[in-house]
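Summary of structural features
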Amino acid sequence: MFRVPLLVALSLVIAFGGGIMFTLYALDATAGFGAIRLGAWEAFPSLHTAEADPYAKSHRARAGRLLYGTAEGLVFTALDDDSGGRLTAGCRYRISGQTPPARLWTLFTAGEDSEPLPPIEGRPSALNSWTVLRNADSSFDITVSQDAHAGNWLALPASGDFRLVLTLLDSPAAGNSGLIDLSMPKLEKIGCGHV
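A few points on the structure. Please read all numbers here as calculations on a predicted model, not as lab measurements.

Conventions used here
Residues numbered from 1 in each chain as written. Predicted model: local features only at pLDDT ≥ 70, side-chain atom pairs only at ≥ 80, totals over all residues. Heavy atoms only, no water. Pairing = 2+ DSSP bridges. Helix = DSSP H or I, 4+ residues; strand = E, 2+ residues; numbered from the N terminus. Axes fitted to C-alpha atoms, helices over the stretch in contact; angles between N-to-C directions. Buried < 20%, exposed > 50% of the residue type's maximum accessible area, 1.4 Å probe, protein only. Phe/Tyr/Trp six-rings, centres within 6.5 Å; stacked < 30°, edge-to-face > 60°.

The next point concerns the sheet that holds strand β1 (residues 36–38). The six strands lie next to each other as β1-β2-β3-β9-β5-β6, forming an open sheet whose pairing is antiparallel. Two strands bound the open sheet, and with one partner strand each, they are β1 and β6 (126–128). Shown here is a sheet whose adjacent strand axes are inclined to one another by a mean of 20°, direction ignored. Relative to strand β3 (residues 73–78), strand β2 (residues 41–43) runs antiparallel, the two sharing two bridges. Its bridge partner lying in β3, Glu-42 is registered against Thr-77.

Written out as structure tokens, the structure is:
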């Protein structure tokens, strides 16, 4: 007598539970469609606009992040170096070159969830366009490693994978349809271990 209602209830629980699990997985797997990739750096130009796809809108609503206007800012993320190797705290990296034009840019190390890594006492975890030391041609070189280096240096945690987040604020690149023509800094591995 209760066999049919029990089977119907079980089917509904599986259908709704599975649907919710796959939706949460899809939101964690991507920030949306329309990504552009410039070397190691990846950005989603329409992520913060009204034209964003439904996954991007859900992703930013779930994360509760500050949204930039069309020409206010653009966030680039690097998970791999220029040769395609995963960024890991056991290695040293060099970021060199110049950023696209921007009134201000920030660069910080982040975890897998794109949240900034907790700062270690007395060690720099972020740089910006006002504090970076530049070469005579306005380019810069930043070392990203566990061990201290002279000049521009971002400290890494003791272990694990990380990502780099470069945000361009008040940049003409954020509202430009020619984003593919931008020149981003190089991100290269220069060694591993404490050598």
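Here the narrative resumes, following the displayed structure.
A few words on the pairing of strand β9 (residues 163–169). Remark: a regular strand shows side chains that alternate across the two faces of the sheet. Burial runs high along β9: six of the seven residues are buried. As paired elements, strand β5 (residues 104–110) and β9 share seven bridges and run antiparallel to each other. Note that in β9 the partner of Leu-107 across the bridge is Leu-166.

Where burial is concerned, most of β3 is hidden: five out of the six residues are buried. The pairing of β3 with β9 spans six bridges and is classified as antiparallel. Pairing of Gly-73 across the sheet is with Leu-169, part of β9.

Ring pairs (aromatic) are described by centroid distance and by the angle formed between their planes. Applying the stated criterion across every chain yields a total of two aromatic pairs. Ring centres 5.9 Å apart and planes at 70° place the aromatic pair Tyr-93 and Phe-162 in the edge-to-face group. You can see Tyr-93 sitting in strand β4 (residues 91–97) and its partner Phe-162 sitting in the loop between β8 (152–155) and β9, a full 69 residues away along the chain. For the pair Tyr-93 and Phe-162, one class covers both residues: buried. Measuring from ring centre to ring centre gives 5.3 Å for Trp-105 and Phe-140, while their planes differ by 35°; the resulting arrangement is tilted. Taken together, the residues span a long stretch of sequence, with Trp-105 in strand β5 and Phe-140 in strand β7 (residues 140–145) at a distance of 35 residues.

Although it is not a glycine, Ser-138 sits at a positive phi angle of roughly 75°. Assessed through its relative accessible area of 39%, Ser-138 is described here as partly exposed.

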